[in-house]
Amino acid sequence: MKPLSVIVTTVSDVFAWFMIVFGVYVILNGHSTPGGGFQGGAIVATFLSFMLVAHGGKRFLAWVNGGMYGLLEFVGLMAFFLFGCLGFPNSFFHNSIAVAQGARPLSEWLPYCGTISLMNAAVGFEVVGALSLVVLYMYSSIRMVDTGAGMGGERGHDRFDR
Amino acid sequence: MKKTIFIAAVIVLGGLLCGMFEAIHPFGVPVSVDMDEYILTRAPVDRSAPNVVTSMVFDYRGFDTLGEAAVLFTALTSIASLFRDGGKKE
Amino acid sequence: MTASIAEKMDWLGNASYVVVALLVIMALYTIITQKNLLKICVALAVLGSSVNLFLVLLGYRDGGSIPIYHMKGAGDLMVLPTPQCLTLTAIVIALATTALMLSLIILIHKHYGTLDIDEIRRLRG
């Protein structure tokens, strides 16, 4: 595979940060627009792929801290479980906040929806951690195949490694 | 020879699929909509949630979403255990 | 009203489901005939996507808008939310299984040095 061009790497480097902003927007507006935790989390997780294309393997592996994404996954999953426990006098996953508030008109500017927004944020954390760790693990496995076995090929985007 | 048998099997299966699609309800007219109508009318009133799909994912069918998150976590755990040697060649 | 629309479009019949049938047939043909594991993995992903498309198509109502009260159009009718919810679940699970399949393919390529299933079978019995 030939090295990727400068245009691709530069655009990836700039565009990755916009993907974070767009993913957080999708997560935070998940209760009133199409989207939610899973979709926005998948969008945010493309950040690592863009970073991988932009900076190459060695700098990518030196820069990314896998433990942080593991912590993100853990916090998201536990928060999702605890938000489910919030409705426990009635039932698991009972939306007690929205029920306690009573019916509100739908024409309000920002609907609150009880625990739905909180669960969106928790699931967003979880999906960001999981998919970023998948990208990280799979890339580190591919990289050691290429360099360790001495096959020589597939050095593609390692051009900017120093 | 083998490929001919495969193609014949796929064609027969496709014919069966098209026959099945003739037998189900016509497109655009679902048959039993009672539960969906109930949720469509009650979700904005009870939960003040304008997005009915999100309300269903996180509230009415929260157990499904918990299982979904568990499946994602299980897949991540499997991948981490497959690559747990940190990239050294065996 | 909905029945009249369905009667008017009767010449079209269930043509939307034929798309699902075509996708399923293409995916099954690829799974049966191809030798490359990566192509089989892509075909499995296409198969899952066709099933998701079938689920969403089952929940469509004639003249229905999206089930979001902020954004719906003039009509009162909405499409069914339950198949969309199930599809959302199925998409994430399909993504997890696809990631697991790709990881296994990476390990197979590391172990055998090839992705051809006949080669793999011949090498290790």
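Here the structure is a predicted model, which is why all the values come from computation and not from measurement. (Residues numbered from 1 in each chain as written. Chains lettered and ligands numbered in written order. Predicted model: local features only at pLDDT ≥ 70, side-chain atom pairs only at ≥ 80, totals over all residues.)

K.L.:
Explanation requested: the overall build of chain B in the structure shown.
P.N.:
When helices and strands are counted, chain B shows four helices and zero strands. Here chain B has a C-alpha radius of gyration of 23 Å; the compact-globule value for 90 residues is 12 Å, and the former is much larger. Counting only C-alpha atoms, chain B reaches 60 × 50 × 15 Å along its principal axes. Buried positions account for 31% of the 90 residues belonging to chain B. (Helix = DSSP H or I, 4+ residues; strand = E, 2+ residues; numbered from the N terminus. Rg over C-alpha atoms; globule rule 2.2 N^0.38 Å. Buried ≥ 20, exposed ≤ 12 C-beta atoms within 10 Å, placed from the backbone.)

K.L.:
Quick question: what am I supposed to make of the overall build of chain C here?
P.N.:
Helices and strands together make up the secondary structure of chain C, namely five helices and zero strands. In chain C, the succession of α and β elements from N to C terminus is α-α-α-α-α. When each of the 125 residues of chain C is scored for burial, the buried share is 19%. Restricting the contact set of chain C to residue pairs at least 6 apart, pairs at least 24 apart contribute 51%. (Contact = placed C-beta atoms within 7 Å.)

K.L.:
Got a minute to help me understand the interface of chain C and chain B in this structure?
P.N.:
With 40 residues of chain C at the interface, the matching set in chain B holds 35 residues. Listed by contribution, the elements that provide at least two residues to the side of chain C that touches chain B are helix H1 (2-8), helix H2 (15-33), helix H3 (37-58) and helix H4 (81-112) of chain C. Considering every element that reaches the side of chain C that touches chain B, the biggest residue donor is H4(C), with 14 residues. Grouping the constituent residues of the side of chain C that touches chain B by class yields 27 nonpolar, 11 polar and two charged. (Nonpolar A, V, L, I, M, F, W, Y, C, P; charged D, E, K, R; others polar.)

K.L.:
Teacher, can you tell me more about the nonpolar core here?
P.N.:
For soluble globular proteins, the rule of thumb is that nonpolar side chains tend to be buried together. Of all hydrophobic cores here, the largest spans 57 residues; its most connected members are A:Ala45, A:Val127, A:Val134 and B:Leu72. Every element with two or more residues in this core is listed here: helix H1 (6-28), helix H2 (37-55), helix H4 (66-85) and helix H6 (115-148) of chain A, helix H2 (34-46), helix H3 (52-60) and helix H4 (62-82) of chain B together with H4 of chain C. Here this core takes 14 residues from H6(A), the largest share from any one element. Among residues more than four places away in sequence, those in contact with A:Ala45 are A:Val127, A:Val128, A:Leu131, A:Ser132 and A:Val135. Among the nonpolar cores identified, the runner-up in size contains six residues, and C:Tyr17, C:Ala21, C:Val24 and C:Leu28 belong to it. (Core = buried A, V, L, I, M, F, W, Y, C linked by C-beta atoms within 7 Å.)

K.L.:
Quick question: what am I supposed to make of the interface of chain A and chain B here?
P.N.:
Size of an interface: often given as the accessible area lost when the parts come together. The partner chain B presents 26 residues to the 35 residues of chain A that form the contact. Listed by contribution, the elements that provide at least two residues to the side of chain A that touches chain B are H4, helix H5 (96-101) and H6 of chain A. Top contributing element to the side of chain A that touches chain B by residue count: H6(A), with 14 residues. By residue class, the composition of the side of chain A that touches chain B is 20 nonpolar, 11 polar and four charged.

K.L.:
I would appreciate a short explanation of the packing of H3(B) against H4(C) in the present structure.
P.N.:
Helix-helix packing: each pair is described by the crossing angle between the helix axes and the interaxial distance. Look at H3(B) against H4(C): their axes get within 9 Å of each other, and the N-to-C directions meet at 60°. Classified by the angle between their axes, H3(B) and H4(C) sit oblique to one another. The handedness of the crossing between H3(B) and H4(C) comes out as right-handed. Contact residues: B:Val52, B:Val53, B:Met56 and B:Val57 in H3(B); C:Pro81, C:Thr82, C:Gln84, C:Cys85 and C:Leu88 in H4(C). Residue classes in the contact of H3(B) with H4(C) are distributed as seven nonpolar, two polar and no charged. (Axes fitted to C-alpha atoms, helices over the stretch in contact; angles between N-to-C directions. Parallel < 35°, antiparallel > 145°, perpendicular 65-115°, else oblique. Left-handed = near helix turned anticlockwise from the far one by under 90°.)

K.L.:
What is the right way to read the environment of C:Val20 from this model?
P.N.:
Residues and elements named next belong to chain C. Mapped onto the elements, Val20 comes out in helix H2. A tally of 22 C-beta atoms within 10 Å means that Val20 is categorised as buried. Put simply, Val20 and Ser50 are 30 residues apart on the chain and 5.5 Å apart in space, counted from C-alpha to C-alpha. Among residues more than four places away in sequence, those in contact with Val20 are Ser50, Leu53, Phe54 and Leu57.

K.L.:
What exactly am I supposed to notice about the confidence of the model for chain C here?
P.N.:
Note that predicted coordinates carrying low pLDDT should not be read in detail. Residues and elements named next belong to chain C. When pLDDT is averaged along chain C, the result is 84; 87% of the residues meet or exceed 70. Per-element confidence in chain C ranges from a low mean pLDDT of 60 for H1 to a high of 93 for H3. The ipTM value of the predicted complex is 0.81, and its pTM value is 0.83. (pLDDT = per-residue confidence, 0-100.)

K.L.:
What exactly am I supposed to notice about H2(C) here?
P.N.:
Since one α-helical turn is 3.6 residues long, residues separated by three or four positions face the same way. Residue and element names in this part refer to chain C. The terminal C-alpha atoms of H2 lie 27 Å apart, and with 19 residues this matches the ideal 27 Å at 1.5 Å per residue to within 8%. Of the residues making up H2, those classed as buried are Tyr17, Val20, Ala21, Val24, Ala27 and Leu28. Axial view of H2: buried residues confined to an arc of 135°, hence all on one face. (Expected span 1.5 Å × (residues − 1). Arc of directions from axis to C-beta.)

K.L.:
I keep staring at the confidence of the model for chain B and nothing clicks. Help me out?
P.N.:
With 93% of its residues at a pLDDT of 70 or more, chain B has an overall mean of 84. At the level of individual helices and strands, chain B shows its lowest average pLDDT in helix H1 (residues 2-23) of chain B, which scores 84, and its highest in H4(B), which scores 91.

K.L.:
Would you mind showing me how to read the packing of H1(B) against H2(C) here?
P.N.:
Put simply, H1(B) and H2(C) touch, their axes get as near as 10 Å, and they point 160° apart. Overall, the two elements H1(B) and H2(C) adopt an arrangement that is roughly antiparallel. Our pair here, H1(B) against H2(C), has a crossing hand that is right-handed. The segment H1(B) lies against H2(C), with B:Lys3, B:Phe6, B:Val10, B:Leu13, B:Gly14, B:Leu17, B:Cys18 and B:Phe21 engaging C:Tyr17, C:Val18, C:Ala21, C:Val24, C:Ile25, C:Leu28, C:Tyr29, C:Ile32 and C:Thr33.

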